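As a plain string of letters, each chain reads:
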Amino acid sequence: MPPPWMRVALPGPRYCGNGKAEPVSALKGLMVAVEVAERQRDAARQGVQNARAAHQAAQGQMEQLQGYANETEGRWGMRADATVAPEVMFHHYQFMARLAHAIGLQTTVVRDYEGRVAAAQQGLLQTELRLASLKKLTDKRRLELEHAQARRDQKQTDERAALQYRKTSNGL
């Protein structure tokens with residue numbers, strides 16, 4: 001079964017006897033679009049947070065590798081005057097080369113996550129712009145509907161006043 005927000009039928013404009021759309025239904029579609037855009041913005045924010053967390057984790061792993069490499073080099077630096085077998089030195093250099101390779105790979109991973117963070121931030125910006133434009137459009141339509149209603153009310157008031165005037169002027 002689909003989630004509740006997918007089961008809601010989107011309302012189309014309802015028409016009054018005069019062929020004009022009702023004011024409430026004219027805004028309903030925009031209000032639904034605003035709600036959907038808000039959910040998309042929230043999801044984009046979560047995506048940015050997730051991308052930042054992954055970037056920080058990758059950065060932390062790289063720092064651990066670099067720290068371990070520095071620590072290992074430091075330990076071997078203290079033994080500079082000690083006699084070490086060539087096989088041990090060979091294994092040390094081989095290990096340090098592998099560690100440097102791992103740091104290089106991790107640097108690539110960190111750059112990849114930087115790109116993902118940037119893309120997620122760009123996506124968030126796009127969803128925020130869309131939401132802002134939908135809200136602005138909704139406000140504009142609401143004002144238009146309020147002005148139209150005010151004009152209709154004024155017209156009715158003017159017609160009532162004209163009828164009242166005719167009644168009083170004919171009755172004299």
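Residues numbered from 1 in each chain as written. Predicted model: local features only at pLDDT ≥ 70, side-chain atom pairs only at ≥ 80, totals over all residues. Heavy atoms only, no water.

## Considerations on the overall build of the chain
Right, so step 1: For the chain, the helix and strand inventory stands at 3 helices and 0 strands.
Right, so step 2: Written out in order from the N terminus, the α and β elements of the chain read α-α-α.
Right, so step 3: Here the chain holds 172 residues, and 17% of them are scored as buried.
Right, so step 4: Within the chain, contacts between residues separated by at least 24 positions form 76% of all contacts whose residues are at least 6 apart in sequence.
Right, so step 5: Only carbon and sulfur atoms are counted for the fraction: they give 57% of the accessible area of the chain, which is about 13,000 Å². (Helix = DSSP H or I, 4+ residues; strand = E, 2+ residues; numbered from the N terminus. Buried < 20%, exposed > 50% of the residue type's maximum accessible area, 1.4 Å probe, protein only. Contact = heavy atoms within 4.5 Å. Areas by Shrake-Rupley, 256 points an atom, 1.4 Å probe, with all protein chains shown as cover.)

## Overview of the packing of aromatic side chains
Right, so step 1: In the structure shown here, the tally under the stated rule is 1 aromatic pair.
Right, so step 2: With 6.0 Å between their ring centres and 90° between their planes, Tyr-68 and Phe-95 make a pair best called edge-to-face. With Tyr-68 in helix α2 (residues 23-78) and Phe-95 in helix α3 (residues 86-171), the pair connects residues that are 27 residues apart, well separated along the chain.
Right, so step 3: For Tyr-68, a relative accessible area of 37% translates into the label partly exposed. (Phe/Tyr/Trp six-rings, centres within 6.5 Å; stacked < 30°, edge-to-face > 60°.)

## Re the pattern of salt bridges
Right, so step 1: For the coordinates displayed, the defined rule picks out 7 salt bridges.
Right, so step 2: Between Lys-135 and Glu-38 there is a salt bridge, with its nearest N and O atoms 3.7 Å apart. Of the two residues, Lys-135 is situated in helix α3 and Glu-38 in helix α2; the sequence distance between them amounts to 97 residues.
Right, so step 3: A residue is classified by how much of its surface remains accessible, and Lys-135, at 37% relative accessible area, is partly exposed.
Right, so step 4: Classification of Glu-38 by relative accessible area gives partly exposed; the value is 26%.
Right, so step 5: Between Arg-75 and Glu-71 there is a salt bridge, and its shortest N-O distance comes to 3.7 Å. Of the two residues, Arg-75 and Glu-71 are both situated in helix α2; the distance of 4 residues between them amounts to about one turn of the helix. (Salt bridge = Lys/Arg side-chain N within 4 Å of Asp/Glu carboxyl O.)

## With respect to the side chain of His-92
Right, so step 1: Along the chain, His-92 turns up in helix α3.
Right, so step 2: Of the residues examined, His-92 reaches a relative accessible area of 6% and is grouped as buried.
Right, so step 3: With sequence-adjacent residues up to four places away left out, His-92 is seen in contact with Thr-72, Glu-73 and Trp-76.

## Quick notes on the confidence of the model for the chain
Right, so step 1: Looking at the chain as a whole, the pLDDT averages 84, with 81% of positions reaching at least 70.
Right, so step 2: Taken element by element, the chain is modelled with least confidence in helix α1 (residues 4-7), mean pLDDT 44, and with most confidence in α3, mean pLDDT 93.
Right, so step 3: Counting interchain partners and residues more than four positions distant, the pLDDT-below-50 stretch residues 1-19 has 16 contacts. (pLDDT = per-residue confidence, 0-100.)

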